[in-house]
Protein chains: 2
Amino acid sequence: MDLSNDEVDRIFRALADATRRDIVRRTLTEEASISDLAHRYDMSFAAVQKHITVLEGAGLVTKHRKGRERRIRGNPEALRTAQTLLNAYERIWQGRIDRLDAVLADN
Amino acid sequence: MDLSNDEVDRIFRALADATRRDIVRRTLTEEASISDLAHRYDMSFAAVQKHITVLEGAGLVTKHRKGRERRIRGNPEALRTAQTLLNAYERIWQGRIDRLDAVLADN
DNA sequence: TTGATATACAACCATTTGGTTTCATATTAG
DNA sequence: CTAATATGAAACCAAATGGTTGTATATCAA
């Protein structure tokens with residue numbers, strides 16, 4: 001795994017917004033174009049586009065071109081990264097480990 | 001569990017900062033005063049105090065008075081809340097559930 | 001070819017965030 | 001009592017965030 005603090009920051013930051021969590025949820029089961037998604041929220045196309053950029057930067061979704069569309073797909077890998085992190089904190093609390101080296105890189 | 005979006009926002013937001021994650025990590029195994037913690041980071045006492053306020057607002061740590069000190073203790077309960085959330089997304093991806101009602105409140 | 005649709009991107013704005021310094025107050029130690 | 005320590009809280013600041021509108025470009029449909 002081997003994560004930098006910045007990567008972890010980006011993942012949790014991206015998850016700290018209800019619209020973005022909803023985009024992840026939807027695209028985990030079914031990919032969607034940006035306009036598909038933009039229809040669903042009460043904000044501009046550009047705002048949704050920005051949310052998707054944040055999610056992409058955190059690795060929580062991927063984009064791929066499909067004609068004139070960009071299809072967005074949720075990436076369960078990044079979610080598992082966050083889960084692993086939280087599990088590590090849980091193990092710290094249980095006293096079974098005292099460091100995060102197994103998960104975090106040294107940079 | 002029954003969480004509002006705002007509560008979830010606050011938890012993930014609080015976790016999206018390396019200093020705050022470190023405070024949680026330390027105080028999960030051993031409580032500490034604010035000055036104890038402030039010593040450890042290269043920033044002002046007030047800055048650390050603010051990070052602790054953010055963590056407390058998210059329920060990730062609790063404060064309790066001990067003489068002139070305030071002891072900070074990590075709260076594994078809030079961590080488990082985040083874990084539960086992420087597990088729900090995992091189950092969505094696996095097609096085993098398609099909603100988050102079990103975890104999220106309707107407000 | 002032309003018009004409609006899908007996306008990208010820039011400029012702008014208000015609010016929030018993460019830091020600072022400073023001052024006030026409470027508590028403990030001598 | 002007095003000095004030192006621990007905390008709280010305000011005022012301030014730069015940068016980031018989350019939204020907007022407007023414009024440009026690419027692709028599809030008729």
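Refer to the structure presented above.
From a predicted model like this one, the values you see are computed outputs, not experimental measurements.

Participant: Is there a simple way to explain the overall build of chain A in this structure?
Facilitator: Looking only at helices and strands, chain A features five helices and three strands. Counting helices and strands in the order they occur from the N terminus, chain A gives α-α-β-α-α-β-β-α. Considered along the principal axes of its C-alpha atoms, chain A spans approximately 50 × 25 × 25 Å. Put simply, chain A has 107 residues, and 48% of those count as buried. By element, 42% of the accessible surface of chain A is carried by carbon and sulfur atoms, the whole surface being about 5,700 Å². Side-chain charges in chain A split into 19 positive and 17 negative, and the spacing between the mean points of these groups amounts to 6 Å.

Participant: Honestly, the interface of chain A and chain B in this entry has me stumped. Any pointers?
Facilitator: It is common to give the size of an interface as the accessible area that goes away when the parts come together. Contacts between the two partners involve 27 residues from chain A and, on the opposite side, 26 residues from chain B. Carbon and sulfur atoms make up 64% of the surface buried where chain A meets chain B, a total of about 2,800 Å² over both sides. Of all residues in chain A, A:Arg21, A:Leu86 and A:Tyr89 give up the largest surface area on contact with chain B, accounting jointly for 23% of the area buried on that side. Counting every contact that joins chain A to chain B gives four salt bridges. Close ionic contact of A:Asp9 with B:Arg21 constitutes a salt bridge, the shortest N to O distance being 2.8 Å. On inspection of chain A and its partner chain B, the count reaches eight residue pairs in polar contact (both at pLDDT 80 or more). Of all the elements in the fold, those that place two or more residues in the side of chain A that touches chain B are helix H1 (5-15), helix H2 (18-29) and helix H5 (76-93) of chain A.

Participant: When you look at the protein's contact with DNA strand C in this model, what are you seeing that I'm missing?
Facilitator: Close to DNA strand C lie 22 residues; A:Ser35, A:Arg70, B:Ser44, B:Lys50 and B:His51 are nearest. In the environment of DNA strand C, a base oxygen lies 3.3 Å from a nitrogen or oxygen atom belonging to the side chain of A:Arg68. At 2.8 Å from a phosphate oxygen of DNA strand C is found a main-chain nitrogen or oxygen belonging to A:Arg70. Those elements giving two or more residues to the surface near DNA strand C turn out to be helix H3 (34-40), helix H4 (45-57) and strand S3 (69-74) of chain A together with helix H4 (45-57) of chain B.

Participant: What's the story with the relation of the copies chain A and chain B in this structure? I'm lost.
Facilitator: What connects the two chain copies is a rotation about an axis and a shift along it. Least-squares fitting of chain A to chain B yields an RMSD of 0.0 Å, with the superposition described by an axial translation of 0.0 Å and a rotation of 180°. Both chain copies can therefore be described as sitting about a two-fold axis. Here 96% of the contact residues of chain A are again contact residues in chain B; the copies associate through an equivalent surface.

Participant: Can you help me understand the protein's contact with DNA strand D in this one?
Facilitator: Lining the immediate environment of DNA strand D, one finds 21 residues, of which A:Ser44, A:Lys50, A:His51, B:Ser35 and B:Arg70 sit closest. When atoms of DNA strand D within 4 Å of the protein are sorted by moiety, sugar and phosphate together comprise 68%. A:Arg20 places a side-chain nitrogen or oxygen 3.1 Å from a phosphate oxygen of DNA strand D. Interatomic distance of 2.5 Å between a side-chain N/O atom of A:Ser44 and a phosphate oxygen of DNA strand D. Those elements that provide at least two residues to the surface near DNA strand D are H4 of chain A together with helix H3 (34-40), H4 and strand S3 (69-74) of chain B. The element that contributes the greatest number of residues to the surface near DNA strand D is H4(A), accounting for four residues. Its residues assigned to classes, the surface near DNA strand D comprises six nonpolar, six polar and nine charged.

Participant: Help me understand the side chain of B:Thr19 in this model?
Facilitator: All names here are of chain B. By the secondary structure assignment, Thr-19 is in helix H2 (residues 18-29). Residue Thr-19 is classed as buried on the basis of its relative accessible area, which comes to 16%. Beyond its immediate stretch of four places on either side in the chain, Thr-19 contacts Tyr-41, Met-43 and His-51.

Participant: Got a minute to help me understand the nonpolar core in this structure?
Facilitator: A:Phe12, A:Leu60, B:Phe12 and B:Leu60 are the most contacted members of the largest nonpolar core, which totals 64 residues. Ignoring anything within four residues of it in the chain, the contact list for A:Phe12 reads A:Ala82, A:Leu85, A:Leu86, B:Phe12, B:Leu15, B:Ala16 and B:Arg21.

Participant: Looking at this structure, I do not really get the packing of aromatic side chains. What am I missing?
Facilitator: How two aromatic rings sit relative to each other is set out by the distance from centre to centre and by the angle between their planes. Applying the stated criterion to the full structure yields one aromatic pair over all chains. Measuring from centroid to centroid gives 6.1 Å for A:Phe12 and B:Phe12, while their planes differ by 20°, and the two rings are stacked. You can see A:Phe12 sitting in helix H1 and its partner B:Phe12 sitting in helix H1 (residues 5-15), one on each of two chains. Per residue, the accessibility class of A:Phe12 equals that of B:Phe12, and both read buried.

Calculation criteria
- Residues numbered from 1 in each chain as written.
- Chains lettered and ligands numbered in written order.
- Predicted model: local features only at pLDDT ≥ 70, side-chain atom pairs only at ≥ 80, totals over all residues.
- Heavy atoms only, no water.
- Helix = DSSP H or I, 4+ residues; strand = E, 2+ residues; numbered from the N terminus.
- Buried < 20%, exposed > 50% of the residue type's maximum accessible area, 1.4 Å probe, protein only.
- Areas by Shrake-Rupley, 256 points an atom, 1.4 Å probe, with all protein chains shown as cover.
- Lys, Arg positive; Asp, Glu negative; His and termini not counted.
- Charge placed at Lys NZ, Arg CZ, Asp CG, Glu CD.
- Contact = heavy atoms within 4.5 Å.
- Buried area = accessible area lost by both parts, 1.4 Å probe.
- Salt bridge = Lys/Arg side-chain N within 4 Å of Asp/Glu carboxyl O.
- Polar contact = N/O pair within 3.5 Å; in protein donor to acceptor, adjacent residues only side chain to side chain.
- Near = heavy atom within 4 Å.
- Least-squares fit on C-alpha atoms with pLDDT ≥ 70 in both.
- Nonpolar A, V, L, I, M, F, W, Y, C, P; charged D, E, K, R; others polar.
- Core = buried A, V, L, I, M, F, W, Y, C linked by side-chain atoms within 4.5 Å.
- Phe/Tyr/Trp six-rings, centres within 6.5 Å; stacked < 30°, edge-to-face > 60°.

Everything listed is a geometric property; what it means functionally is a separate question.
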